[in-house]
Amino acid sequence: MSGSTDVDVVVVGAGVAGLTAATTLAPHRRVLVVSAGAGSTRWAQGGIAAAVGPGDTPEQHAADTLEAGAGACDPEAVAVLTTEGPGRVADLVAAGARFDRDAEGRLLLGREGGHGRRRILHASGDATGVEVARTLELRARELGVSWLDGRVTGLLVSRGRVVGVDVGGRQVRARAVVLATGGLGHAYPVTTNPTGVTGDGLALALLAGATLVDVEFVQFHPTALWTGAAYGQVPLVTEALRGEGAVLRDAGGEAFMQGRHPLADLAPRDVVARAVHEVMRRDATPYVLLDTRPVADLERRFPTVAAACRAHGVALASVPVTPAEHYLCGGVLTDGWGASDVPGLYAVGEVAATGVHGANRLASNSLLEGLVHGHRVATRLARELPASVVADAELCALAPATACSARARELLGGAGGLVRDGVGLADARRELLARPAPEVAWLVAAAVLGAADVRRESRGCHVRSDEPESRPWWRRRIGVRLDAAGVPRAAAEREEWAA
Ligand SMILES: Cc1cc2nc3c(=O)[nH]c(=O)nc-3n(C[C@H](O)[C@H](O)[C@H](O)COP(=O)(O)OP(=O)(O)OC[C@H]3O[C@@H](n4cnc5c(N)ncnc54)[C@H](O)[C@@H]3O)c2cc1C
């Protein structure tokens, strides 16, 4: 693309959310996808949750989602997700997605933590993300969607409106910019997310003046493969294994989830991650063991997990697992149709906070959210685009990463880890704020640590050892915005969540 190009909509990110938005919008608008490479979508294992099985209903799916969200979900947003979900999955199937089926052609549905029944569609066993990405990338090619490989490093802002992006010095003007940049995995030292998922969208949104919410709710997956690594991406051992009978055991062989929750090993993720953490501390071990012997035909049904175990020399029958950063439940505050609180700026997928996940995402609701909200933002932008702005634009740009980024990551991994406390959070923030810098890792760490410091309770995946209870007063969101000095400031909102 040449120097200064006008399109209707720039979609930043080519995962499930970005490509659903781009392919839905392409017949109506001039769309450009800008992508810095594969995000988390390709890595998704378990599948897509949707009420498509016999006897299942959107209401049952909604009830499980609300339960997992620990009182912090927006019930209207949840109803949208679970009601529109089956239609969006049908769209994906119509676009060519092949989900696993039995000999009669009926969908084979899996089960994961927090789901009261089998409702997870999967592909090639545990390679669902690859199939979703394949389908949407093919669709984008068929529709001739314009595509630019590169990293968006700044947003163009004119009179308070976002009017384009900067891709490493190349500026693209647009009437709407849709952030679909995924989560923040590599803002932490260790994560299940692929390289490149760093929280860029969160930092860009903050610089443009947008509000983030719920960013203290960082989900740690209870069963990442223990590799001994202190840095980088670690393989995931899908929860669907526990759905097929695998059991977590401590070093002495005890099945420690029994008696902790009515769903035992299939309790919501926050409950299982906390239990694993507790047992590891109690036994002074860096992992617990996932006993997979009850899972029939594991190598064929879970080839991704089997390959990861083989690559790390781990026996399949008893897999060492440990919690690792996995998913951001909050993000850029959006309304039900993807709009942020800055005109011209939209967000969908993991980078957005629609209110669906509350304090803890229900397993396999993330791909579904990408499909539903990718479609919704496209529907909105097909109907109406913000007015075009001809005035000069200011560039709100990210600074290149320095040594400061590595320290921000360490501080986030320590004080902002699975179990937090007020002293650790305050110390980490003090150190960060001593050297403000508009670098992604710094902005993201300051936002998450700030929100975690403000929320003086434990709820869902936000766990504070000094505030172990959930408190009614905290039935409200914490918003994060940049102050005049460019520092993310977190504050509790006045309004309470709908009961
Ligand atoms: C190992 C693993 C297993 C998972 N399993 C499941 C599962 O079974 N079911 C489920 O529902 N969810 C699962 N998840 C979560 C789910 O995969 C993600 O939440 C979801 O795919 C996010 O989709 P997305 O479109 O929002 O972002 P992503 O798929 O992460 O895509 C982000 C895109 O943004 C681009 N990008 C980022 N920053 C920039 C920038 N500055 N400029 C340009 N482009 C940029 C990236 O290059 C990428 O193209 C899993 C996640 C992981 C890591």
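Residues numbered from 1 in each chain as written. Predicted model: local features only at pLDDT ≥ 70, side-chain atom pairs only at ≥ 80, totals over all residues. Heavy atoms only, no water.

Undergrad: What am I meant to see in the environment of C396 here?
TA: Among the structural elements, C396 can be located in strand 20 (residues 394-397). On a C-alpha basis, the gap between C396 and D166 in space is 9.0 Å, while along the polypeptide they are 230 residues apart. Other than its neighbours up to four places away in sequence, C396 contacts T153, G154, L155, V157 and L207. (Helix = DSSP H or I, 4+ residues; strand = E, 2+ residues; numbered from the N terminus. Contact = heavy atoms within 4.5 Å.)

Undergrad: Which parts of the structure should I look at to understand the sheet that holds strand 4 (residues 109-110)?
TA: As summarised here, the arrangement of the three strands in space is 3-5-4, forming an open sheet in which the pairing is antiparallel. Of all strands in the sheet, those bounded by a partner on one side alone are strand 3 (48-49) and strand 4. In this structure, strand 4 lies alongside strand 5 (residues 120-121), joined through two bridges in antiparallel fashion. Counterpart to L109 in the pairing with strand 5 is L121. (Pairing = 2+ DSSP bridges.)

Undergrad: Quick question: what am I supposed to make of helix 11 (residues 403-415) here?
TA: Structurally, the α-helix is built with 3.6 residues per turn, so residues lying three or four positions apart point the same way. A rise of 1.5 Å per residue sets the reference length of helix 11, with its 13 residues, at 18 Å; its end C-alpha atoms lie 19 Å apart and thus fit the reference within 8%. Those residues of helix 11 that fall on the buried side of the exposure criterion are C404, S405, A408, R409, L411, L412 and A415. Looking straight down helix 11, one finds its buried side chains confined to an arc of 165°; they lie on one side. Turning to helix 11, the residues buried within the fold contact helix 12 (422-433) and helix 13 (440-454). (Expected span 1.5 Å × (residues − 1). Buried < 20%, exposed > 50% of the residue type's maximum accessible area, 1.4 Å probe, protein only. Arc of directions from axis to C-beta.)

Undergrad: Please explain the sheet that holds strand 22 (residues 488-496) as it appears in this structure.
TA: Strand pairing in a sheet takes place through backbone hydrogen bonds and is either antiparallel or parallel in direction. Taken together, the five strands give an open sheet; going across it, the order is 19-17-11-21-22, and neighbouring strands pair in mixed fashion. Looking at which strands have only one partner, the edges of the open sheet turn out to be strand 19 (352-353) and strand 22. Sheet analysis places strand 21 (residues 476-482) next to strand 22, joined by six bridges and oriented antiparallel. The residue of strand 22 that forms the bridge with V480 is A490. Lying on the sheet, helix 13 is in contact with strand 11 (212-213), strand 21 and strand 22; it crosses strand 22 at an angle near 40°. (Axes fitted to C-alpha atoms, helices over the stretch in contact; angles between N-to-C directions.)

Undergrad: Can you walk me through helix 3 (residues 75-94) in this structure?
TA: Taking 1.5 Å of rise per residue, the 20 residues of helix 3 would be expected to cover 28 Å, and the 29 Å separating its terminal C-alpha atoms lies within 8% of that figure. A bend of about 45° at G85 is the largest found in helix 3, and the proline P86 appears one to four places after it. Looking at helix 3, one finds that the buried residues are A77, V78, V80, L81, T82, G85, R88, V89 and L92. Those residues of helix 3 that are buried are in contact with strand 3, helix 2 (58-68), strand 5, helix 4 (128-142) and helix 10 (365-383). Between the side-chain oxygen at the start of helix 3 and the backbone nitrogen of E76 there is a gap of 2.9 Å, and the oxygen is on D74. (Bend = angle between axes of the 7 residues up to and from the residue. Polar contact = N/O pair within 3.5 Å; in protein donor to acceptor, adjacent residues only side chain to side chain.)

Undergrad: What is the right way to read the confidence of the model for the chain from this model?
TA: Predicted coordinates in areas of low pLDDT are best not read in detail. For the chain, the mean per-residue pLDDT works out to 95, and 99% of the residues sit at or above 70. Taken together, the stretch residues 1-5 has pLDDT below 50 and engages in 11 contacts with residues farther than four places along the chain or on a different chain. (pLDDT = per-residue confidence, 0-100.)

Undergrad: How should I be thinking about the environment of G85 in this particular structure?
TA: Mapped onto the elements, G85 comes out in helix 3. Counting along the chain gives 284 residues from G85 to E369, while the straight-line C-alpha distance between them is 7.9 Å. Once you skip the residues sitting within four places of it in the chain, G85 turns out to touch V80, L368 and V372.

Undergrad: Sorry, what's going on with the side chain of E216 here?
TA: Checked against the element boundaries, E216 lands in the loop between strand 11 and strand 12 (218-225). A polar atom in the side chain of E216 sits 2.6 Å from the side chain of R455. Dropping the residues within four chain positions of it, E216 is found in contact with R420, A451, A452, R455, H462 and I478.

Undergrad: Where do I start with the site of the ligand in this structure?
TA: Not every one of the 37 residues close to the ligand is listed here, only the nearest: G37, T41, D200, E350 and S366. Take D200: an N or O atom from its side chain is 2.7 Å from a nitrogen atom of the ligand. At a separation of 2.5 Å, an oxygen atom of the ligand approaches a polar side-chain atom of S366. Alone, the ligand offers 1000 Å² of accessible surface; in the complex the protein occludes 98% of this. Contributing elements (two or more residues each) for the shell around the ligand: helix 1 (16-25), strand 2 (31-35), strand 16 (318-328) and helix 10. Ranked by residue count, the leading element in the shell around the ligand is helix 10, at three residues. Broken down by class, the residue content of the shell around the ligand amounts to 13 nonpolar, 20 polar and four charged. (Near = heavy atom within 4 Å. Areas by Shrake-Rupley, 256 points an atom, 1.4 Å probe, with all protein chains shown as cover. Nonpolar A, V, L, I, M, F, W, Y, C, P; charged D, E, K, R; others polar.)

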